[in-house]
Amino acid sequence: MPLTPDQQAEVDAQRAQAQPTLRAVSPGMEKHLYTAIPVLDHGFVRVIDYMGDDAAICQAARVSYGKGTKSVQNDEGLIRYLMRHWHSTPFEMCEVKLHVKLPVFVARQWIRHRTANVNEYSARYSILDREFYIPAPEHLAAQSVVNNQGRGAALEGEEAARVLEILKTDANRAYDHYEAMISQEGQLGLARELARMNLPANIYTQWYWKVDLHNLLHFLRLRADAHAQYEIRVYADAICNVVADWVPFAYKAFEDYRMGGATISATALDCVRRMLKGEEVTQENSGMSKGEWREFMDTLG
Ligand SMILES: Cc1cc2nc3c(=O)[nH]c(=O)nc-3n(C[C@H](O)[C@H](O)[C@H](O)COP(=O)(O)OP(=O)(O)OC[C@H]3O[C@@H](n4cnc5c(N)ncnc54)[C@H](O)[C@@H]3O)c2cc1C
């Protein structure tokens, strides 16, 4: 369960206190504020605070005195122009603060995104909960035979059952030992900062993560991508839905130019031009390596 009844009551209490404000408000984002969106078996993402909306991006781009909005169509056109031409600083004028609960091995990938502000739950100060990520059976996959960084078909039958059993038993045994080491009943009790080193990487941690929209879109481009590991991708997918509600024009432009678009090399562009002229272009006469050609063909569909 991502939130305990007490935690849910705190969220409900926060949502019950509305205040009038002169600040920019995004109705789509107000809907998400404080609410936990469940991810994986015990994780969640929830919006704690945000600044700006689509109009704030235009306001910054135009360095306006007022709201900066000429018309809704103008705003959407401007946002698409900014995205298309990598004019990124107006997107940095919007910010979001998230509370994320995630397994430690996912946090290790996430923390590589340096352009954010992070404050993590302290396992030196507090005792971690007995909560571990155990993959759902359909995500208990074999090592991919074509991609060293990926996974293949789901494990089945006895092998799946054995692997699940190992994951659960090892996690619980490690947690039992963690508890035994820090216990102060009849012993000094090992410091929490040392005892935690015995815990597995599938234990859950939590953090507050604050990032501007430009760097958030960069994160989403990499982590909501099919090449990203499933366990971080599901968090990125959940955040994509939030961003789509928060800044719908910016998100639509991002989907169009970044997620759905493609960057091709000058050599590949030359091949496209030759193809359009009716020339038969093959890998051999393309000037591309086999790998580049394969990816180019994938891009062209
Ligand atoms: C599918 C996938 C596989 C990966 N595999 C591996 C792996 O095997 N091993 C591994 O170590 N990592 C791996 N990574 C992590 C990856 O290399 C990046 O560290 C991570 O995606 C963060 O990207 P970033 O540096 O662009 O983001 P951010 O840290 O948010 O930075 C955003 C941008 O700011 C600029 N920037 C930020 N800090 C600096 C700096 N100190 N110096 C210069 N420019 C800076 C860069 O332009 C950067 O692109 C993988 C990532 C993905 C998505």
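All residue numbers here refer to positions counted from 1 along the written sequence of the relevant chain. Local features in a predicted model are, by the rule used here, given only for residues with pLDDT of at least 70; side-chain atom pairs are given and counted only at 80 or more, and totals for whole chains, interfaces and linings are based on all residues.

1. Overview of the site of the ligand
Piece 1. In this entry, near means the residue's backbone-placed C-beta atom lies within 6 Å of the molecule or strand. Every residue lining the ligand is accounted for by R112, H113, R114, T115, N215, H218, L222, H227 and A228.
Piece 2. In this classification, the charged set is Asp, Glu, Lys and Arg, the nonpolar set is Ala, Val, Leu, Ile, Met, Phe, Trp, Tyr, Cys and Pro, and all remaining amino acids, among them Gly, are polar. Of the residues in the shell around the ligand, the class split is 2 nonpolar, 5 polar and 2 charged.

2. Considerations on the packing of helix α4 (residues 72–84) against helix α10 (residues 248–259)
Piece 1. At a minimum axis distance of 9 Å, the contact between α4 and α10 shows a crossing angle of 40°. Relative to α10, the element α4 is oriented oblique. Considering the relative orientation of α4 and α10, their crossing is right-handed. Between α4 and α10, the residues in contact are D75, E76, I79, R80, M83 and R84 and F249, A250, A253, F254 and Y257, respectively. Fitted lines through C-alpha atoms give the axes, limited to the stretch in contact for helices. The angle between two N-to-C directions lies from 0 to 180 degrees. Elements are defined by DSSP. Helices are runs of H or I of four residues or more, strands are runs of E of two residues or more, and each kind is numbered from the N terminus. Orientation is classified from the angle alone, with under 35 degrees giving roughly parallel, over 145 giving roughly antiparallel, 65 to 115 giving roughly perpendicular, and any other angle giving oblique. Note: crossing handedness is left-handed where the near helix turns anticlockwise from the far helix by less than a right angle, and right-handed where it turns clockwise. Working definition of a contact: two residues with C-beta atoms, positioned from the backbone, lying within 7 Å.

3. Brief notes about the nonpolar core
Piece 1. The biggest cluster of nonpolar side chains holds 48 residues, and the ones touching the most others in it are I79, L216, Y235, V247 and A250.
Piece 2. If you tally residues by element for this core, the top one is helix α9 (residues 230–246), at 8 residues. Core membership is restricted to buried Ala, Val, Leu, Ile, Met, Phe, Trp, Tyr and Cys residues, and these are joined into a nonpolar core through C-beta atoms within 7 Å. Counting other C-beta atoms within 10 Å of each residue's C-beta, where C-beta atoms are placed from the backbone, gives the exposure class: buried for 20 or more, exposed for 12 or fewer, partly exposed between.

4. Some points on the pairing of strand β3 (residues 95–103)
Piece 1. Strands qualify as paired when DSSP identifies two bridges or more between them. Two strands pair when backbone bridges link them, and strand β2 (residues 43–51) and β3 are joined in this way by 7 bridges, in the antiparallel orientation. Its bridge partner lying in β3, V45 is registered against V100.
Piece 2. Two strands pair when backbone bridges link them, and β3 and strand β7 (residues 204–212) are joined in this way by 9 bridges, in the antiparallel orientation. Each residue of the ladder has a partner; that of H99, found in β7, is Y208.

5. Digging into the sheet that holds β3
Piece 1. The strand order across the open sheet formed by 5 strands is β1-β2-β3-β7-β4, and the pairing between neighbours is antiparallel. Since the sheet does not close on itself, it has two edges, and those belong to β1 (37–39) and β4 (117–120), each with one partner. Pairwise comparison of adjacent strand axes, ignoring direction, gives a mean angle of 25° for this sheet.
Piece 2. The strands touched by helix α8 (residues 213–223) are β3 and β7; relative to β7, the strand with the most contacts, the crossing angle is about 130°.
Piece 3. Each of β1, β2 and β3 touches α9; the most contacted strand, β2, lies at about 35° to it.

6. Brief notes about the domain arrangement of the protein
Accessible area lost on assembly of the parts is the figure often given for the size of an interface.
Piece 1. The start and end points of each domain follow an automatic or database-based domain assignment. In terms of domain boundaries, the protein breaks down into domain 1 (5–133 + 202–259), domain 2 (136–200) and domain 3 (266–300).
Piece 2. Summarising the inter-unit geometry, the C-alpha centres of domain 2 and domain 3 are found 46 Å apart.

7. Details of the environment of E76
Piece 1. Within the secondary structure, E76 is located in helix α4.
Piece 2. Look at E76 and you get partly exposed, because 17 C-beta atoms sit within 10 Å.

8. A word on the UniProt feature "active site" (unreviewed entry) in the protein
Piece 1. UniProt positions are given in the numbering used here, feature names are shortened, and annotations may be inferred rather than shown by experiment. Using the residue numbers shown here, the UniProt feature "active site" (unreviewed entry) corresponds to R223.
Piece 2. Relative to the elements of secondary structure, R223 occurs in helix α8.
Piece 3. Every residue in contact with R223, bar those within four places of it in the chain, is listed here: A228, I232, R233 and A236.

9. Some words on unusual backbone geometry
Piece 1. Although it is not a glycine, L40 sits at a positive phi angle of roughly 55°.
Piece 2. Position of L40 relative to the elements: it lies in the loop between β1 and β2.
Piece 3. In this model, V63 sits at a positive phi of 45°, which is unusual for a non-glycine residue.
Piece 4. Within the secondary structure, V63 is located in the loop between α3 (54–62) and α4.

10. Description of the environment of Q73
Piece 1. Within the secondary structure layout, Q73 lies in helix α4.
Piece 2. With 8 C-beta atoms packed within 10 Å, Q73 lands in the exposed category.
Piece 3. Linking Q73 and L276, residues 203 residues apart in sequence, is a C-alpha distance of 33 Å.

11. Regarding the pairing of β7
Piece 1. In terms of strand pairing, β4 meets β7 through 4 bridges, oriented antiparallel. The partner of E120 across the bridge, within β7, is W207.

12. Overview of the packing of α3 against α4
Piece 1. Between α3 and α4, whose axes approach to 10 Å, the crossing angle comes to 70°. Relative to α4, the element α3 lies roughly perpendicular. Seen along the crossing, α3 lies across α4 with a hand that is left-handed. Residues D54, A55, I57, C58 and A61 of α3 touch α4, and the partners they reach there are D75, L78, I79 and L82.
Piece 2. In the contact of α3 with α4, the residues fall into 7 nonpolar, no polar and 2 charged.

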